Amino acid sequence: MALPDDIVTEAFSYLPAKSAGRFRALSRSWHATLSSAPFVELHRRRANKTAGHPKLFFSTTAETSEDEESYFYSWQPGGAVKKLMPNNFYTPTPLTRPLHGLVLIRCAKAGYHIYNPSTGAVLALPDSKLPLKMIPRGSPQVPYYPWVAYGFGYCSLTGEYKVVRIFSSTGHDADEYSPILCERQWTEEGYDWYQRLRSVGTRHPRLCHTVPEILFCPNEETTSNFEDYDDLVLGSFEESLVPVGRTIEEMVLLSPMTRAWFHILKWMPTQSVAELSLVCREWRAMVKDDCFIRSHVVHANLRKSPRVMIITDFFIAIFMDLKDFNERGRVVVDIPELVCSQPCQGLNVASCHRRSFVCNPAMGYFQRMEFQNVHDDTFYAGRVGLGYDSVNNEHVVVLITYTEKNFVTQEYALECRVRYAKEEEYRSLDSPCRPVANIQPTYVDGKIFWMVDPNLRPIFLDYEVVAFDVQKKEFEVLRGPPCEVSGGSNPMSILQLQGALCVACSDKRMNVIDIWMMKDVGTWAKEYHIELEGFSPEYSSEWTTPLAVDPKDGRILLKTGWSLGYYDPKTAEMETICRVGRPGDRLKFCPVICHESFVTTLGAF
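Residues numbered from 1 in each chain as written. Predicted model: local features only at pLDDT ≥ 70, side-chain atom pairs only at ≥ 80, totals over all residues. Heavy atoms only, no water.

A.B. asks: Honestly, the overall build of the chain in this entry has me stumped. Any pointers?
C.D. replies: Each helix and strand counted, the chain has 10 helices and 35 strands in total. Counting the 605 residues in the chain, one finds 49% classified as buried. For the chain, contacts bridging at least 24 residues in sequence account for 52% of all contacts bridging at least 6. Surface accessibility of the chain: about 30100 Å² in total, with carbon and sulfur atoms responsible for 51%. (Helix = DSSP H or I, 4+ residues; strand = E, 2+ residues; numbered from the N terminus. Buried < 20%, exposed > 50% of the residue type's maximum accessible area, 1.4 Å probe, protein only. Contact = heavy atoms within 4.5 Å. Areas by Shrake-Rupley, 256 points an atom, 1.4 Å probe, with all protein chains shown as cover.)

In structure tokens:
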């Protein structure tokens with residue numbers, strides 16, 4: 001016999017939120033009743049009518065092993081400690097007292113969240129780990145605010161929960177006035193942050209500052225045993241079934257029309273998608289979602305000719321499309337050692353001397369990388385490898401440096417460090433068992449590859465390749481292409497072509513370049529043969545390196561530092577598409593192959 005809804009409502013309104021939430025799974029009618037706004041409000045009032053001290057929720061911030069799981073707990077002074085939900089945050093800090101049971105939390109490595117400790121529901125606020133407005137972009141036209149404060153509130157007229165954040169160009173303790181920018185977001189319609197107020201001449205507001213609240217009086221005795229809980233984080237607690245809101249993906253992909261546009265926009269260039277994102281809030285939210293970003297970087301680059309951009313200013317990472325570079329005047333960079341990697345899942349790494357940055361040339365985004373405690377007098381920036389961890393959806397930076405190098409005795413010592421691109425701290429790794437050469441590494445199918453330097457080890461008949469497995473964090477040595485080390489053919493570059501690992505070997509005597517492709521582990525085949533005798537001295541095997549293969553016609557894009565051209569292996573013809581000087585000129589230019597991509601190291605753009 002089914003119970004009437006009014007009896008169900010009356011009985012369950014006194015239960016803890018965790019228990020009441022479980023009964024939603026018994027039937028559709030109970031789920032509808034126990035999820036309705038009237039019941040949620042009735043439950044919130046009745047479940048928190050308890051005499052005595054207010055309740056607290058807490059969790060440990062100490063690191064746990066992989067086999068252990070951290071939890072949130074509730075506790076009312078004088079009572080027992082009750083387990084709530086798993087704590088999947090990293091060092092969470094509650095910033096507000098409960099608002100209908102919801103708490104604004106800041107996490108050390110994941111930004112800001114709206115959290116309901118009773119149900120374990122959590123909503124990550126977009127662009128909150130390090131907001132883009134807090135990142136200098138190298139242009140005075142782009143606003144930059146180094147300070148931000150967050151607040152959380154409720155509008156009783158509309159029944160909406162809102163998060164407000166205010167940016168400022170000076171800190172909250174500054175005496176001077178400064179421009180501020182105010183944005184807000186609805187948790188139920190949180191497609192994006194909406195700018196509602198800009199004011200000048202106003203002091204930085206003190207949002208989220210700790211306001212003293214009396215929980216216990218000095219004349220009261222309250223005891224409990226917390227010996228098993230180290231490094232506690234505490235917050236006020238209310239029983240509540242209030243939902244935290246929907247994620248961007250949930251709000252956007254529930255619409256059939258938006259899903260259809262999802263599959264259209266994912267094939268389009270970055271600039272076109274960015275312009276179309278201004279059509280409506282739903283589209284803008286869709287293109288900022290991680291699911292779209294990962295899909296776009298794959299589909300927008302399938303069967304497309306290589307997109308070439310030119311680095312016109314290394315120090316502030318300014319890129320220019322090849323077409324604009326040719327039309328507006330060719331600007332060369334006075335940095336002969338400048339190198340840039342092939343694109344890796346939407347990002348490149350550019351390096352020069354001890355300076356490097358991870359960048360997305362299609363967006364004009366870059367993040368500088370600092371190399372501290374590098375004891376390598378012959379440091380070559382090309383030893384910086386960029387890979388992609390497909391399990392964690394994170395880019396990985398690997399830095400290999402020499403602490404000792406002697407070409408006479410062939411003695412050397414390596415030091416290896418690794419970090420995720422979005423992090424700042426490097427972790428030490430066991431170094432590879434081979435010395436790496438001064439050749440820009442490349443990423444292919446879950447591994448980063450370096451050429452082995454034959455001058456720092458006993459001479460073998462073939463070259464070797466060092467491979468780093470991004471997920472396993474392990475090095476291995478592979479057999480390289482069958483080029484004789486003692487012969488006239490020398491590897492000029494290691495790169496990814498058509499999804500496979502390739503090594504370009506230059507024969508200066510014959511003025512040719514052979515491109516070897518690895519068909520299987522340690523098995524190589526000569527895929528391309530490039531004859532440059534008819535295009536010398538502009539294209540000489542001494543300074544010519546391949547960049548990419550056009551999937552439409554099979555032509556090979558070659559660069560020299562002064563020229564950029566397509567070589568057709570079928571007809572042995574060359575088409576120069578850019579020329580900035582003659583071989584031997586001191587000034588060169590640095591063309592970069594980039595992906596159509598919205599990927600950054602910070603998540604959504």
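Additional details are given in the paragraphs that follow.
A.B. asks: Looking at this model, I keep getting lost on the pairing of strand β32 (residues 556-559). Mind explaining?
C.D. replies: Note on strand geometry: in a regular strand, side chains alternate between the two faces of the sheet. As defined by bridge partners, strand β31 (residues 545-549) adjoins β32 across four bridges and the pair is classed as antiparallel. Paired with alanine 548 across the bridge in β32 is leucine 557. Hairpin connection, β31 to β32: the antiparallel pair is bridged by six residues, and glycine 554 has positive phi, about 80°. Sheet analysis places β32 next to strand β33 (residues 563-568), joined by four bridges and oriented antiparallel. Of the residues in β33, the one forming a bridge with leucine 558 is glycine 565. Connecting the antiparallel pair β32 and β33 is a turn made up of three residues, with glycine 561 showing a positive phi of about 105°. (Pairing = 2+ DSSP bridges.)

A.B. asks: Just to check I follow, could you spell out a nonpolar patch on the surface for this structure?
C.D. replies: A contiguous nonpolar surface patch, about 230 Å² in accessible area, is contributed by Trp267, Val298 and Leu302. If you trace the backbone, leucine 302 turns up in the loop between α9 (290-299) and β13 (307-313). On the basis of relative accessibility, which here comes to 33%, the residue leucine 302 falls in the partly exposed class. (Patch = residues over 30% accessible without salt bridge, like charges linked within 9 Å, V, L, I, M, F, W, Y side chains within 5 Å. Salt bridge = Lys/Arg side-chain N within 4 Å of Asp/Glu carboxyl O.)

A.B. asks: Would you take a moment to explain the sheet that holds strand β6 (residues 111-115) for this structure?
C.D. replies: Sheets are built from strands paired through backbone hydrogen bonds, the pairs being either parallel or antiparallel. Strands sit in the order β4-β5-β6-β7 across an open sheet of four strands; the sheet is antiparallel. The open sheet has two edge strands with one neighbour each: β4 (92-94) and β7 (122-124). Taken pair by pair, the neighbouring strands of this sheet meet at an average axis angle of 30°, ignoring direction. Here β4 runs beside strand β5 (residues 103-107); their pairing, made up of three bridges, is antiparallel. Looking at the pairing, threonine 93 lines up with arginine 106 of β5. (Axes fitted to C-alpha atoms, helices over the stretch in contact; angles between N-to-C directions.)

A.B. asks: Even after reading the chapter, I still don't get the packing of aromatic side chains, so can you show me in this structure?
C.D. replies: In this description, a pair of aromatic rings is defined by centroid distance and the angle of the planes. Under the definition given, this model contains 17 aromatic pairs. Through pairs of rings, three or more aromatic residues link up here, namely Phe12, Phe23 and Trp30. Positioned above the aromatic ring of tyrosine 402, the side-chain terminus of lysine 405 is 4.2 Å from the ring centre. Across from the ring centre of tyrosine 566, 4.4 Å away, lies the NZ or CZ of arginine 555, which sits over that ring. (Phe/Tyr/Trp six-rings, centres within 6.5 Å; stacked < 30°, edge-to-face > 60°. Lys NZ or Arg CZ within 6 Å of the ring centre and 35° of its normal.)

A.B. asks: Sorry if this is basic, but what is going on with the environment of alanine 80 here?
C.D. replies: Here alanine 80 is to be found in the loop between β2 (71-75) and β3 (81-86). What makes alanine 80 exposed here is its relative accessible area of 57%. Once residues lying within four places of it in the same chain are set aside, the contact partners of alanine 80 are Ser74 and Trp75.

A.B. asks: I'm lost on the confidence of the model for the chain in this one. Help?
C.D. replies: Detailed conclusions should not be drawn from predicted coordinates in areas where pLDDT is low. Per-chain confidence: the chain averages 79 in pLDDT, with 79% of residues scoring 70 or above. By mean pLDDT, strand β11 (residues 194-202) is the weakest element of the chain at 53, and strand β23 (residues 442-444) is the strongest at 95. In the predicted structure, residues 199-211 sits below a pLDDT of 50 and forms 33 contacts with residues beyond four places in sequence or in another chain. Long-range and interchain partners of residues 218-223, a stretch whose pLDDT sits below 50, account for eight contacts in this model, where long-range means more than four residues apart. (pLDDT = per-residue confidence, 0-100.)

A.B. asks: How should the pattern of salt bridges be read in this particular structure?
C.D. replies: Working definition: two side chains of opposite charge can pair if their charged atoms are close together. Across all of its chains, the model carries 16 salt bridges by this definition. Salt-bridge contacts for aspartate 321 lead to arginine 307; the nearest nitrogen and oxygen are separated by 3.1 Å. Separated by 14 residues along the polypeptide, aspartate 321 in strand β14 (residues 318-321) and arginine 307 in strand β13 bring together distant segments of the chain. Under the relative-accessibility criterion, aspartate 321 is labelled partly exposed at 26%. By relative accessible area, which is 19% here, arginine 307 ends up buried. The partner of glutamate 423 in a salt bridge is arginine 427, and the shortest N-O contact between them spans 3.4 Å. Classification of arginine 427 as partly exposed rests on a relative accessible area of 37%. Each member of the salt-bridge network shares a partner with another, and the members are Glu41, Arg44 and Arg45.

A.B. asks: When you look at the pairing of strand β17 (residues 355-360) in this model, what are you seeing that I'm missing?
C.D. replies: With five of six residues buried, β17 lies mostly within the body of the structure. Here strand β16 (residues 348-352) pairs with β17 via five bridges, running antiparallel. The partner of alanine 350 across the bridge, within β17, is phenylalanine 357. Here β17 runs beside strand β18 (residues 365-369); their pairing, made up of five bridges, is antiparallel. Note on β18: the bridge partner recorded for phenylalanine 357 is arginine 368. The hairpin formed by β17 and β18 contains four residues between the paired strands, and glycine 364 there has a positive phi angle of roughly 75°.

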